[in-house]
Amino acid sequence: MDYKKYISEKIKVEGVSSEEIYESIALPPNLEMGDYALPCFKFAKVLRKSPVMIAESLKATIATDEVISEVSAVNGYLNFKINKNGFVRATLDKILSQKDAFGSSNEGEGKTVCIDYSSINIAKPFHIGHLSTTVLGGALYRIFNFLGYKAVGINHLGDYGTQFGKLISAYKRWGDKDTIEKGGIRALNELYVRFHKEAEEHPEYEDEARAYFKKIEQGDKECLALFHWFKDLTLKDVQKIYEMLDIRFDSYAGESFYSDKMQPVVDELKEKGLLTESRGAQVVDLEAYGMTPCIILKSDGSSLYATRDMAAATYRKNTYDFYKCLYVVAYQQNLHFKQFFKVLELMGKDWAKDLVHVAYGMVSLEEGTMSTRKGNVVFLEDVINKCIEKAYTILNEKNPDLENKEDVAKKVGVGAVIFGALYNSKIKDIVFSYDKVLNFDGETSVYVQYTCARANSVLQKGGVPDSYEIPALTSEEIELVKAISVFPETVRSAAEKYEPSYIARFAVDVAQKFNKFYFDCKILAAEDEKTKNFRLALTNATMQALKNAFALLGIGIPDKM
Ligand code: ARG
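Residues numbered from 1 in each chain as written. Predicted model: local features only at pLDDT ≥ 70, side-chain atom pairs only at ≥ 80, totals over all residues. Heavy atoms only, no water.

A. Region of interest: the overall build of the chain. Check the secondary structure of the chain and you find 21 helices and 12 strands. C-alpha atoms of the chain, sized along the principal axes, occupy 85 × 65 × 40 Å. In the chain, which comprises 561 residues, the proportion classed as buried is 52%. Pairs at least 24 residues apart make up 73% of the contacts formed inside the chain by residues separated by at least 6 positions. If you sum the accessible surface of the chain, you get close to 26,500 Å²; carbon and sulfur atoms cover 48% of it. (Helix = DSSP H or I, 4+ residues; strand = E, 2+ residues; numbered from the N terminus. Buried < 20%, exposed > 50% of the residue type's maximum accessible area, 1.4 Å probe, protein only. Contact = heavy atoms within 4.5 Å. Areas by Shrake-Rupley, 256 points an atom, 1.4 Å probe, with all protein chains shown as cover.)

B. Up close: the side chain of lysine 405. For lysine 405, the location among the structural elements is in helix H15 (residues 405-422). Although lysine 405 lies buried, it forms no salt bridge, and the closest oppositely charged side chain, aspartate 401, sits 6.8 Å away as judged by the N-O distance. At 2.7 Å, the side chain of lysine 405 and the side chain of asparagine 396 are in polar contact. Once you skip the residues sitting within four places of it in the chain, lysine 405 turns out to touch Tyr392, Leu395, Asn396, Asn399 and Pro400. (Lys, Arg positive; Asp, Glu negative; His and termini not counted. Salt bridge = Lys/Arg side-chain N within 4 Å of Asp/Glu carboxyl O. Polar contact = N/O pair within 3.5 Å; in protein donor to acceptor, adjacent residues only side chain to side chain.)

C. The packing of aromatic side chains, seen in detail. Applying the stated criterion to the full structure yields 37 aromatic pairs. Ring centres 5.7 Å apart and planes at 40° place the aromatic pair phenylalanine 102 and phenylalanine 487 in the tilted group. Of the two residues, phenylalanine 102 sits in the loop between helix H5 (84-98) and strand E4 (112-116) while phenylalanine 487 sits in helix H19 (residues 487-496), which places them 385 residues apart along the sequence. Of the two residues, phenylalanine 102 and phenylalanine 487, both sit in the buried class. Here a set of aromatic residues connected by ring pairs shows up, and it is made of Tyr117, Phe126, Tyr141, Tyr242, Phe249 and Tyr252. Over the aromatic face of tyrosine 205 sits the side chain of arginine 173, whose NZ or CZ is 3.8 Å from the ring centroid. (Phe/Tyr/Trp six-rings, centres within 6.5 Å; stacked < 30°, edge-to-face > 60°. Lys NZ or Arg CZ within 6 Å of the ring centre and 35° of its normal.)

D. Region of interest: the nonpolar core. If you look at the biggest cluster of nonpolar residues, it comprises 195 residues, and the most contacted ones within it are Ile11, Ile115, Phe144 and Leu269. Here this core takes 12 residues from helix H21 (residues 529-553), the largest share from any one element. In this structure, isoleucine 115 is in contact with Gly137, Leu140, Tyr141, Phe144, Ala151, Val152, Gly153, Ile154, Leu326 and Val328, ignoring residues within four places of it in sequence. (Core = buried A, V, L, I, M, F, W, Y, C linked by side-chain atoms within 4.5 Å.)

E. Structural context of the confidence of the model for the chain. Considering every residue of the chain, the mean pLDDT works out to 94; 98% of them sit at 70 or more. This model gives residues 369-374 a pLDDT under 50, and the stretch forms 13 contacts once residues within four places in sequence are excluded. (pLDDT = per-residue confidence, 0-100.)

F. The arrangement of the environment of phenylalanine 80 in detail. Relative to the helices and strands, phenylalanine 80 is located in strand E3 (residues 77-82). As for phenylalanine 80 and isoleucine 557, which are separated by 477 residues in sequence, their C-alpha atoms are 38 Å apart. Ignoring sequence-local partners within four residues, the contact set of phenylalanine 80 consists of Ile7, Ile11, Gly34, Asp35, Tyr36, Ile62, Ile68, Glu70 and Val71.

G. Layout of helix H12 (residues 305-320). Compared with an ideal rise of 1.5 Å per residue, which puts 16 residues at 22 Å, H12 spans 22 Å between its outermost C-alpha atoms and is within 8% of the ideal. Those residues of H12 that fall on the buried side of the exposure criterion are Ala306, Thr307, Arg308, Asp309, Met310, Ala311, Ala312, Ala313, Arg316 and Lys317. Of the residues trailing H12, aspartate 321 is marked for its positive phi of about 45°. (Expected span 1.5 Å × (residues − 1).)

H. Quick peek at the site of the ligand. Neighbouring the ligand are Asp116, Ser119, Asn121, His156, Tyr305, Asp309, Tyr327, Val329, Gln333 and Phe337. At 2.8 Å, a side-chain N or O of aspartate 309 approaches a nitrogen atom of the ligand. Relative to its unbound accessible area of 350 Å², the ligand is 86% covered by the protein chains. Elements that contribute at least two residues to the shell around the ligand include exactly H12 and strand E9 (324-330). The residue inventory of the shell around the ligand, partitioned by class, reads 4 nonpolar, 4 polar and 2 charged. (Near = heavy atom within 4 Å. Nonpolar A, V, L, I, M, F, W, Y, C, P; charged D, E, K, R; others polar.)

I. Quick peek at the pattern of salt bridges. A full pass over the atoms with the stated rule returns 33 salt bridges. Glutamate 9 is the partner of lysine 5 in a salt bridge, and the nearest nitrogen-oxygen pair spans 3.7 Å. Of this pair, lysine 5 and glutamate 9 are both found in helix H1 (residues 3-10), 4 residues apart, which corresponds to roughly one turn of the helix. Overall, lysine 5 belongs to the partly exposed group, its relative accessible area being 43%. Here glutamate 9 falls in the partly exposed class, since its relative accessible area comes to 47%. Measuring nitrogen to oxygen at the nearest pair gives 3.6 Å for the salt bridge that ties aspartate 237 to lysine 240. Of this pair, aspartate 237 and lysine 240 both sit in helix H10 (residues 221-244), 3 residues apart, which is roughly one turn of that helix. Here the salt bridges share partners, and the residues they tie into one network are Arg186, Asp237, Lys240, Glu381 and Asp382.

J. Broad picture of the environment of methionine 561. Within the fold, methionine 561 resides in the segment after H21. Separated by 427 residues in sequence, methionine 561 and threonine 134 place their C-alpha atoms 27 Å apart. Those residues in contact with methionine 561 that sit more than four places away from it in its chain are Leu395, Asn399, Leu402, Val408, Val412, Phe440, Val446, Gln449, Tyr450 and Ala453.

Below, the structure is given as structure tokens:
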């Protein structure tokens with residue numbers, strides 16, 4: 001229930017809209033004063049009365065009812081107390097009956113949201129820089145589905161360009177089937193690196209590479225077969241990581257998929273008079289919009305990243321008829337997205353407004369925690385494995401008798417990596433620190449997981465009650481219920497702002513409030529049966545809310561820790 005809304009509808013101020021009143025209602029600094037407050041200062045001018053008098057006269061017009069238990073006027077504030085018992089019951093009943101669906105809705109029914117995320121480059125390392133797009137996109141995918149949208153996860157593979165010609169040239173010269181089969185991406189990357197080194201002395205290799213790429217494009221059997229082999233190997237390699245992170249895609253249509261879909265875009269641009277020539281290249285001038293030109297065709301007639309993205313956006317609109325199409329890509333590509341969104345708009349595509357660049361900040365590793373020598377890429381797989389190992393060591397120290405230690409360490413380690421990338425507002429640059437993400441007392445996933453294990457153990461001992469009554473409530477209980485009650489609106493705003501961090505923060509807030517409740521209110525040793533039952537029900541509801549939040553982030557919760 002939206003109490004703010006309920007209250008705002010009871011208040012009538014001449015010349016002030018109910019929306020404005022709704023926006024003005026705030027949470028008072030302390031609970032003694034009330035649960036909600038309306039400051040009357042800004043109405044003084046319209047009503048030509050003092051805020052104190054306004055508050056007094058408004059108070060006289062509002063009757064208490066089953067929701068509002070008390071109204072008071074203090075120093076120009078109109079304060080409201082909510083009937084806590086009703087609120088607590090409504091919240092717990094909702095969670096305990098909806099269970100895994102608590103927080104979900106069908107507001108997105110009939111709407112499709114395309115999410116372009118992870119979008120790795122074939123034969124290139126899957127490094128720490130891909131962490132954010134992968135877990136942010138994965139979380140948004142689950143969040144939109146949870147709200148009733150149909151999410152379409154797209155891995156827009158970087159599988160087009162001369163680098164594949166280079167790889168073929170390198171493979172033919174120095175490669176060996178077995179080594180590549182065994183080594184996967186790392187072996188392919190080594191070939192690629194070697195090509196660049198040796199091509200410095202043998203510029204003719206570059207020409208050879210271009211020729212091989214041309215052959216791929218022309219459908220040469222051998223070259224195509226090699227290209228597909230590289231692609232399969234890469235996808236097989238990253239699949240391990242996707243599984244660990246619980247990441248799924250509905251489509252792997254990458255850049256090469258659009259090879260034969262760009263001509264119509266180019267033709268249309270030409271037809272609409274948008275193309276101009278600039279030093280032999282075909283470009284769309286964007287000076288009027290404060291941007292450099294968007295290059296569509298190079299002087300040799302070959303396409304660019306933007307050309308393929310325009311073909312892809314068009315294809316997605318035709319195929320999925322999306323309501324929104326999100327691109328979860330680092331802010332370094334801001335200009336690229338602004339440019340091709342603008343070009344589509346200039347072409348008269350009204351759906352260009354539904355394309356959204358969900359930009360995020362950089363992730364780097366804390367100095368000294370891993371070899372970050374210049375040019376030495378840090379593989380995401382290594383980061384995840386190291387986090388799992390460290391988690392294992394910590395768990396082993398804390399609880400040597402823990403069952404399924406490996407399984408728990410996996411949930412904790414993987415969770416730490418995901419949560420580390422999702423906890424802060426997405427646009428912030430992150431310095432990844434193993435100690436920080438694995439801090440049991442920090443704002444971390446392991447803190448939340450540990451809290452769940454604590455709650456779980458209470459429930460194992462006390463049992464889950466079938467029904468409960470509401471005793472005299474403590475402030476810790478009320479604070480905890482308030483914290484879990486906002487989950488549905490938190491999910492909604494996470495979707496609206498493309499910010500899974502809201503859900504991560506919700507989980508930490510709930511865990512903190514639960515721990516306060518756990519230490520200050522005895523659960524199993526409560527003063528009477530009624531209180532104990534209620535506290536068990538509250539513990540159960542808390543677990544459910546945390547479970548739902550973590551499911552959206554893709555993080556598992558161990559039973560015991
Ligand atoms: N493969 C690109 C890169 O690693 C990201 C692709 C993002 N998606 C897109 N439609 N441009 O930079």
